[in-house]
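An overview of the molecular structure
Given next are the chains, with one letter for each unit.
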Amino acid sequence: MTSSWQRKELPFLILYAVGFYFIIIRRSLQISRDHYTKLYGLRPGWISDRLNDVSDAQWRNFRGNLPILTLVFGIFALVATVSRSYGLKAKGMSIVWLLLSMAYLSYLHGACIVYILSIASANYLLVKVCGRTKYAFLLWIFNLTFLICNRVYGGYPFSLLGPKWAYLDNYRGTFRWHICFNFVVLRMISFGYDYHWAGHDNRFDQEKHVQRCNNCSSGKTCYQLLQGRSLKSDTFSLTIYLCYLIYAPLYIAGPIISFNAFASQLDTPQKTYSVQDVVWYGLRWIFSLMLMETMTHFFYYNAFAISGTWKYLSPLDIFVIGYGVLNFMWLKFFLLWRYFRFWSLVNGIEAPENMPRCLNNCYNLESFWKNWHASFNKWLVRYMYIPLGGTQRKLLNVWVIFTFVAIWHDLEWKLLSWAWLTCIFFVPEMIVKSAANALKVESSFGKFLCRELSAVAGAITITCLMVANLVGFVIGPSGINWFLSRFLQKEGLPTLGGMFITFYVGTKLMFHISEAKKNVRGR
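Criteria and thresholds
- Residues numbered from 1 in each chain as written.
- Predicted model: local features only at pLDDT ≥ 70, side-chain atom pairs only at ≥ 80, totals over all residues.
- Heavy atoms only, no water.
- UniProt positions renumbered as here; feature names shortened; annotations may be inferred.
- Axes fitted to C-alpha atoms, helices over the stretch in contact; angles between N-to-C directions.
- Helix = DSSP H or I, 4+ residues; strand = E, 2+ residues; numbered from the N terminus.
- Parallel < 35°, antiparallel > 145°, perpendicular 65-115°, else oblique.
- Contact = heavy atoms within 4.5 Å.
- Nonpolar A, V, L, I, M, F, W, Y, C, P; charged D, E, K, R; others polar.
- Phe/Tyr/Trp six-rings, centres within 6.5 Å; stacked < 30°, edge-to-face > 60°.
- Buried < 20%, exposed > 50% of the residue type's maximum accessible area, 1.4 Å probe, protein only.
- Lys NZ or Arg CZ within 6 Å of the ring centre and 35° of its normal.
- Disulfide = S-S within 2.5 Å.
- Polar contact = N/O pair within 3.5 Å; in protein donor to acceptor, adjacent residues only side chain to side chain.
- Patch = residues over 30% accessible without salt bridge, like charges linked within 9 Å, V, L, I, M, F, W, Y side chains within 5 Å.
- Areas by Shrake-Rupley, 256 points an atom, 1.4 Å probe, with all protein chains shown as cover.
- Salt bridge = Lys/Arg side-chain N within 4 Å of Asp/Glu carboxyl O.
- Expected span 1.5 Å × (residues − 1).
- Core = buried A, V, L, I, M, F, W, Y, C linked by side-chain atoms within 4.5 Å.

Per an unreviewed UniProt entry, the protein chain carries the name Membrane-bound O-acyltransferase gup1 isoform X1 and comes from Nicotiana tabacum. Taken directly from UniProt, the Subcellular location (unreviewed entry) text for the protein chain runs: "Membrane".

The next point concerns the packing of helix α6 (residues 138-152) against helix α19 (residues 394-409). Between α6 and α19, the least distance of the axes is 9 Å, while the angle of their chain directions is 45 degrees. Classified by the angle their axes make, α6 and α19 are oblique. Contacts from Trp 140, Leu 144, Leu 147, Ile 148 and Arg 151 in α6 reach Phe 404, Ile 407, Trp 408 and His 409 in α19. Residues that form the contact of α6 with α19 fall into these classes: seven nonpolar, one polar and one charged.

Inspection of the entire model under this criterion finds 61 aromatic pairs. Between Phe 368 and Trp 369 the ring centres are 4.8 Å apart and the planes differ by 85 degrees, which places this aromatic pair in the edge-to-face class. Judged by its relative accessible area of 5%, Phe 368 falls in the buried class. Taking relative accessible area as the criterion, Trp 369 reaches 13% and is therefore assigned buried. Between the aromatic rings of Phe 368 and Trp 372, the centroid separation amounts to 5.5 Å while the plane-to-plane angle is 25 degrees, which identifies the pairing as stacked. The ring of Tyr 195 has Arg 132 sitting right over it, with the charged end atom 4.0 Å from the ring centre. One cation-aromatic arrangement involves Lys 332 over Phe 333; the distance from NZ or CZ to the ring centre is 4.5 Å.

With that settled, consider the state of the cysteines. In the structure shown here, the tally under the stated rule is zero disulfides. Cys 149 forms no disulfide, and the closest cysteine sulfur to it belongs to Cys 112, at a distance of 16 Å.

This part covers unusual backbone geometry. With an omega dihedral of 5 degrees, the bond running from Gly 254 to Pro 255 counts as a cis peptide bond. Tracing the backbone shows Pro 255 in the loop between α12 (248-251) and α13 (259-267).

Right, let's get into the environment of Lys 370. Mapped onto the elements of the fold, Lys 370 is located in helix α17 (residues 365-371). Among the residues examined, Lys 370 registers a relative accessible area of 46% and is labelled partly exposed.

Take the side chain of Ser 190 next. Mapped onto the secondary structure, Ser 190 falls in helix α7 (residues 177-198). Using a relative accessible area of 0% as the deciding quantity, one classes Ser 190 as buried. Looking at Ser 190, its side chain comes within polar contact range of the main-chain nitrogen of Phe 259, at 2.9 Å. Aside from chain neighbours lying at most four places away, what touches Ser 190 is Tyr 244, Ser 258, Phe 259, Trp 379 and Tyr 383.

The subject of this paragraph is a nonpolar patch on the surface. Together, Trp 46, Val 275, Val 279, Trp 280, Leu 283, Ile 286 and Met 290 give the surface a local cluster of nonpolar side chains, amounting to about 760 Å² of exposed area. Note on Ile 286: relative accessible area 44%, which makes it partly exposed.

With the rule as written, the count across this model stands at 13 salt bridges. Residue Asp 169 pairs with Arg 172 through a salt bridge whose shortest N-O separation is 3.1 Å. The exposure class of Asp 169 is partly exposed, given its relative accessible area of 24%. Salt-bridge contacts for Glu 353 lead to Arg 338; the nearest nitrogen and oxygen are separated by 3.2 Å. A residue pair is termed long-range when its members are at least 10 positions apart, and Glu 353 in the loop between α16 (315-346) and α17 and Arg 338 in helix α16 qualify at 15 residues. Taken as a pair, Glu 353 and Arg 338 share a single burial class, namely buried.

For helix α18 (residues 374-385), which comprises twelve residues, the first-to-last C-alpha distance of 14 Å sits more than 12% below the rise-based estimate of 16 Å (1.5 Å per residue). Most of α18 is tucked away: nine of the twelve residues are buried. All of the buried residues along α18 are Ala 374, Ser 375, Phe 376, Trp 379, Leu 380, Arg 382, Tyr 383, Met 384 and Tyr 385. Where α18 is buried, its residues meet α6, α7, α10 (223-228), α13, α17 and α19.

A word on the nonpolar core. Judged by nonpolar contacts, the single largest core of 155 residues is most densely connected at Phe 319, Trp 379 and Phe 404. Looking at which element gives the most residues to this core, the answer is α16, with 21 residues. In this structure, Phe 319 is in contact with Phe 20, Ile 24, Met 466, Phe 487, Thr 495, Met 499 and Phe 503, ignoring residues within four places of it in sequence.

Let us look at the environment of Trp 59. Position of Trp 59 relative to the elements: it lies in helix α2 (residues 57-64). Sequence spacing of Trp 59 and Leu 335 is 276 residues, and the spatial spacing of their C-alpha atoms is 9.4 Å. With sequence-adjacent residues up to four places away left out, Trp 59 is seen in contact with Leu 289, Met 292, Glu 293, Phe 328, Lys 332, Leu 335 and Leu 336.

Here it is, written out as structure tokens:
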């Protein structure tokens, strides 16, 4: 009964989705055309004489610096390839990459490279002294202190050290060092705890993993194996440590890779991707870049959010802009992270994929956070979630972890609001999931009912995710009352109802996609 109904509903679901995106595209074009004179951050573009939305500072900087980044990419790849051809292994490759990365950092941060090396050296000394003792927790205190102080003191102007050092503030480079240093903090903690665990019995069963893992059993090496197996003591040297912290391809934005996984690939470059796979990966990135250029030339989503103009639109148009902003953010981070991951792959270092699944193919919070900044999720699981007790303290752990994630991003109330809102939405989902897993449904009607209830729950979750992310990254906590008032008044209720139905249909489509993938894997 259920499978027959699923086959019958699929054409209607697809038809609805096509209609939905037709309305979104048509309405986006219309409001962008009607209001472009009121928007900030639009610049002359190169597609059909249209203006280009470069209102997002992060995207504008990346796009503007893409030529020089690609030049550095090419030089780095050439030197690394030549070095490997001469048979350089871990220590030799770490020295080559360290020298190249130091030159790269000198351009980025100028004299501020002194701060990076000083804090990194102090952390290395702390790891060597306390890393294999019961005082390893001091690594967390040390790194959290600098994470917060770096932001509070704005990267420490040299004038704070005295008038005679003030002239160095004219040589701070092109990029604020304390912004990039957030990633360095994660790497310093990773190095410290991988060193700590290397001195204890390794619970990771390599043989069992190779038998169960499709990648590893076929002769390749997956990320979990690279991360899980222990390294020799001489791998935790100062040279390899510094190389890991400032490795140029992953320095600015990640993806985040554990020390074990990084150091394991110094001797033997990654084997998961063939040359053809890496080339195809790069070509797909270029296609995605063209998609982004098309979006920013025709749909001014972010400019509406930055300008505040969307607050005066109808509830339907507010939804269109809100949905568009989230898709813009997803595609922006997708392009940034994949560019740097591609650079790293060319050099033989495989980092985790940060966006393995599209934003529009996640219907619960757990799957969303496993697929948005996925390398950070893996880091959080390894260095926070499991040490804090894992599934035994899951309801408590999410509050600690999301609060850390908010502070790691920046010291802003709207990010803490985003973190705590996410936790509020997360807790009911975990309780319902736990209850659903304990409940076994045998009848066809029961399975049908469970599927429908799951679709309704998915629609609610997507709505909550949309609200939480808009609060955290667009409107802030002060905008919650305005946002709710626009949709809970008479004019907004039809849009709210249509939005919920759309998310319900979208969730059911995601069920079909998931089942199709399972069928393909099972063949």
